[in-house]
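Report on the structure
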Amino acid sequence: MKFVHAADLHIGATPEAGRPWGRERAGAVALALPKVIELCNETDADLLLIPGDLFDRQPLRKDLREAAYNFSRLKKAQVVIIAGNHDFLSEDSPYASFDLGKHVHLIKTANLSSVWFPELNTEVHGLSYYSHVIRQPLYDRLRAPRDGRLHILLAHGGDAEHIPVSYSHLAESGFDYVALGHIHQPRVFKGLPMAYSGSPEPLDRTDLGQRGCLSGEVTGESFSLQWHPIASSQYREAAITVRPETTESEIRERIISELRTRPLDLLCVRLTGRRDPSLQIDADALLSLGRICSLSDETKVDYDLDALLRDHRDDMIGKYILAFKDRDDPLSEKALYYGLDELVKGD
Ligand SMILES: [Mn+2]
């Protein structure tokens, strides 16, 4: 049985709304489902597994119509979906009643139930959220039946508010594959038939690195999993080390060269190190250089402590330096430089 596993598509999300690349990001989120469908067709998948948060919020009729259209493009795969904490079901939600297609199975029960595919000898188990929060560890005591069928579990959660998961219990549950959703960072459990596909597109700037989905094959004797980076762009952290001799022009040049390395990336820039006391970092000017989502200036002023001591022997600044002079642990060093920043500004 071949499958594609894609969780947390969050259709309808508009990351970075208001930034110049906000519309492009919203477009990329909307394009994720068609890309997943294409992957299903290319890999000849039997099942498309969507373990929750297909939608970013309660889907409207128009969202469901679009999804149904995309699912209609599947050549072979049948789809199994559970609702997550973002798109949780309620008695009257259109999601629960909308016909997404004969080959699309939304598991609507709040307790574990399953969909059986005789032609694939495969049973897919899952439950749907009916609220934002579920604190019970609903997956920890599950055991896959031993009846000669392949058993797949769709599970959404993994933090204290959203079905806490004991991965060691889950690993021993006997399922032939556990398709996990909710955590947006992809995570494959080495040697185990269990993975978070992560979200196919990064959804905020903390979602650093590659995003995509998984495909795999389960036979009962063997198991394989493959990663597909399908996201249209990725957030990348660029750490730039500043030295006392570094100038603002040099920082600008280094950011520009980072932007050119992979022009589709969105950069989170971190400035670290020691800067000359006269160096002023104009964050707004640097942010306007290109696709920069955030700029954090963690540099510290490089003080000439001996010169400062000579000039300030009898005042607060001198006393402050002397108080830290013989300590060389990182915390004291931090306190010394942060404190000096404030004192010198006040002086
Ligand atoms: Mn979720």
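If you're wondering where the values come from, they're calculated on a predicted model, not measured in any experiment. (Residues numbered from 1 in each chain as written. Predicted model: local features only at pLDDT ≥ 70, side-chain atom pairs only at ≥ 80, totals over all residues. Heavy atoms only, no water.)

Within the protein one finds 9 helices and 16 strands. Dimensions along the principal axes, computed over C-alpha positions, put the protein at roughly 85 × 40 × 40 Å. In the protein, which comprises 347 residues, the share counted as buried stands at 48%. Treating the 41 positive side-chain charges of the protein as one cloud and the 53 negative ones as another, the clouds have centres 3 Å apart. (Helix = DSSP H or I, 4+ residues; strand = E, 2+ residues; numbered from the N terminus. Buried < 20%, exposed > 50% of the residue type's maximum accessible area, 1.4 Å probe, protein only. Lys, Arg positive; Asp, Glu negative; His and termini not counted. Charge placed at Lys NZ, Arg CZ, Asp CG, Glu CD.)

Moving on, we come to the domain arrangement of the protein. For the protein, the assigned domains are domain 1 (2-228) and domain 2 (235-346). Just the C-alpha atoms count here: the centres of domain 1 and domain 2 sit 43 Å apart. Every contact between the two is made by 11 residues of domain 1 and, on the other side, 10 residues of domain 2. A combined buried area of about 850 Å² lies between domain 1 and domain 2, and 56% of that area is made up of carbon and sulfur atoms. Considering only the side of domain 1, the residues that lose the most area to domain 2 are Trp 21, Arg 205 and Leu 208, jointly responsible for 55% of the buried surface there. Counting across the domain 1 and domain 2 interface gives 1 salt bridge. Among the ionic pairs, Glu 24 bridges to Arg 291, the shortest N-O distance being 2.9 Å. Here domain 1 and domain 2 share 6 residue pairs in polar contact (both at pLDDT 80 or more) between them. The residue makeup of the side of domain 1 that touches domain 2, split by class, is 3 nonpolar, 1 polar and 7 charged. (Domains from an automatic or database assignment. Contact = heavy atoms within 4.5 Å. Buried area = accessible area lost by both parts, 1.4 Å probe. Salt bridge = Lys/Arg side-chain N within 4 Å of Asp/Glu carboxyl O. Polar contact = N/O pair within 3.5 Å; in protein donor to acceptor, adjacent residues only side chain to side chain. Nonpolar A, V, L, I, M, F, W, Y, C, P; charged D, E, K, R; others polar.)

At Asp 8, a residue that is not glycine, the phi angle is positive and equals roughly 50°. The buried category is assigned to Asp 8, whose relative accessible area is 1%. Positive phi values are uncommon outside glycine, yet Ile 163 reaches one of about 45°. For Ile 163, the position within the fold is in the loop between β7 (150-156) and α4 (167-171).

Once that is clear, we can look at the packing of aromatic side chains. Counted according to the given criterion, the structure contains 8 aromatic pairs. Centre to centre, the rings of Phe 189 and Tyr 196 are 6.4 Å apart; their planes meet at 40°, and the pair counts as tilted. Pairing Tyr 303 with Tyr 337 gives two aromatic rings, centres 6.2 Å apart and planes at 25°, and the pair type is stacked. Here Tyr 303 is found in the loop between β16 (300-301) and α7 (305-311), whereas its partner Tyr 337 is found in helix α9 (residues 330-346), with 34 residues between them in sequence. Chaining the aromatic ring pairs together yields one cluster made of Phe 3, Tyr 177 and Phe 223. Stacked on the ring of Trp 116, the Lys or Arg Arg 149 has its end atom at 3.6 Å from the ring centre. Residue placement shows Arg 274 over the ring face of Tyr 337; its charged tip is 4.0 Å from the ring centre. (Phe/Tyr/Trp six-rings, centres within 6.5 Å; stacked < 30°, edge-to-face > 60°. Lys NZ or Arg CZ within 6 Å of the ring centre and 35° of its normal.)

This brings us to the sheet that holds strand β8 (residues 177-181). One open sheet holds the 6 strands; their spatial order is β5-β6-β7-β8-β10-β9, and the pairing between them is mixed. Both edges of this open sheet fall to β5 (113-117) and β9 (187-188), since each of them pairs with a single strand only. Note: β7 against β8, 5 bridges, orientation parallel. Residue pairing for β8: Leu 154 is matched across the bridge by Ala 179. (Pairing = 2+ DSSP bridges.)

Let us now look at the coordination of the manganese ion. Looking at the metal site, the manganese ion is ligated by Asp 53 (OD), Asn 85 (OD1), His 156 (NE2) and His 182 (ND1), spaced 2.1 to 2.3 Å from it. Spacing between the donor residues of the manganese ion along their common chain follows D-x31-N-x70-H-x25-H. Note that His 156 is positioned in strand β7 and His 182 in the loop between β8 and β9, a separation of 26 residues in sequence. Judged by its relative accessible area of 12%, His 182 is buried. (Donors = N, O, S within 2.8 Å, 3.2 Å for Na, K, Ca; no water.)

Bringing the nonpolar core into the picture now. Formed by 33 residues in total, the largest nonpolar core has its most connected members in Leu 9, Leu 48, Leu 54, Phe 71, Ile 81, Tyr 95 and Leu 100. Those elements giving two or more residues to this core turn out to be α1 (22-43), β2 (47-51), α2 (61-72), β3 (78-82), α3 (94-97) and β4 (104-107). By residue number, the principal contributor to this core is α1, which donates 6 residues. Among all residues touching Leu 9, those that are not within four sequence positions of it are Val 29, Ala 32, Leu 33, Val 36, Ile 50, Asp 53, Leu 54 and Pro 200. (Core = buried A, V, L, I, M, F, W, Y, C linked by side-chain atoms within 4.5 Å.)

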